[in-house]
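# A look at the structure
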Amino acid sequence: MRLFKSILQRLYPCGKCRVGKAVYLTFDDGPIPEVTPKVLAILDRYGVKATFFMVGENIDKHPDVFEQVIKAGHAIGNHTYNHVKGWKYSTADYIANVQKFPKETKLFRPPYGRTWLWQRMAVKRLGYEIYLWDVLTRDYNPRRTPEAMLKQIQRQTRSGSIINFHDSIKSNERMLAVLPLAIEWLLANGYELKTL
Ligand SMILES: [Zn+2]
């Protein structure tokens, strides 16, 4: 697992991430009216910013929720138009789905963190920087408790860490329970929460 992680970090280096005591909260799969506004309220309560890797189709379905994220000053990234699995797509079809994303951004995160190498190369040629994560809360897993997720964040977070959450129906309750605890711990330990 550690080897796998270090390979991932080499594949997706984040040069600017390793500066000071910055940590990057990221939320995948929104915007969703049932969940995203609740995430925004928590972030606002602590005065911190995050990065939302959005599904293009969800932006088109919920433009008002998208606008709330932008107005609150958070960053957004492309998470493809239909949350597609790279390994099931040709590079041409994958790129077409990436390009269907309706908003301007230079940040990209592949759904499931997986693509073929040539798909990654093609995404980069479009001008995107690809960001995965080094702290995966697995908030989508019903067996995960907020306590276990918090412990994992405390154990794995380093300066420059990118923490992965989901503003999705599936993760909703677990993610909303752990998020304030995680932010409080990060701030109390001197981390600065930044956008990618
Ligand atoms: Zn996703």
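Residues numbered from 1 in each chain as written. Predicted model: local features only at pLDDT ≥ 70, side-chain atom pairs only at ≥ 80, totals over all residues. Heavy atoms only, no water.

## What about the pairing of strand S2 (residues 51-54)?
Of the two faces of S2, the one holding Thr51 and Phe53 and the one holding Phe52 and Met54 are both buried throughout. Bridging between strand S1 (residues 22-28) and S2 involves three bridges; their strand directions are parallel. Residue pairing across strands places Asp28 opposite Phe53, the latter belonging to S2. Crossover S1 to S2 through helix H2 (residues 36-46) is right-handed. Where S2 lies against strand S3 (residues 75-78), four bridges are found, and the strand directions are parallel. Looking across to S3, one finds that Phe52 is bridged to Ile76. (Buried < 20%, exposed > 50% of the residue type's maximum accessible area, 1.4 Å probe, protein only. Helix = DSSP H or I, 4+ residues; strand = E, 2+ residues; numbered from the N terminus. Pairing = 2+ DSSP bridges. Right-handed = clockwise from strand over helix to strand, strands pointing away.)

## Quick word on helix H4 (residues 63-71)
In an α-helix there are 3.6 residues to a turn, and that puts residues three or four apart on one side. Along H4, the positions that sit buried rather than exposed are Val65, Phe66 and Val69. Taken around the axis of H4, the buried residues stretch over an arc of 105°, which confines them to a single face. Residues Asp64 and Lys71 are exposed on H4 and point more than 90 degrees away from its buried face. Lining the buried residues of H4 we find H2, S2, helix H3 (56-61) and S3. Where H4 terminates, the next one or two residues include Gly73, which has phi positive at roughly 90°. (Arc of directions from axis to C-beta. Contact = heavy atoms within 4.5 Å.)

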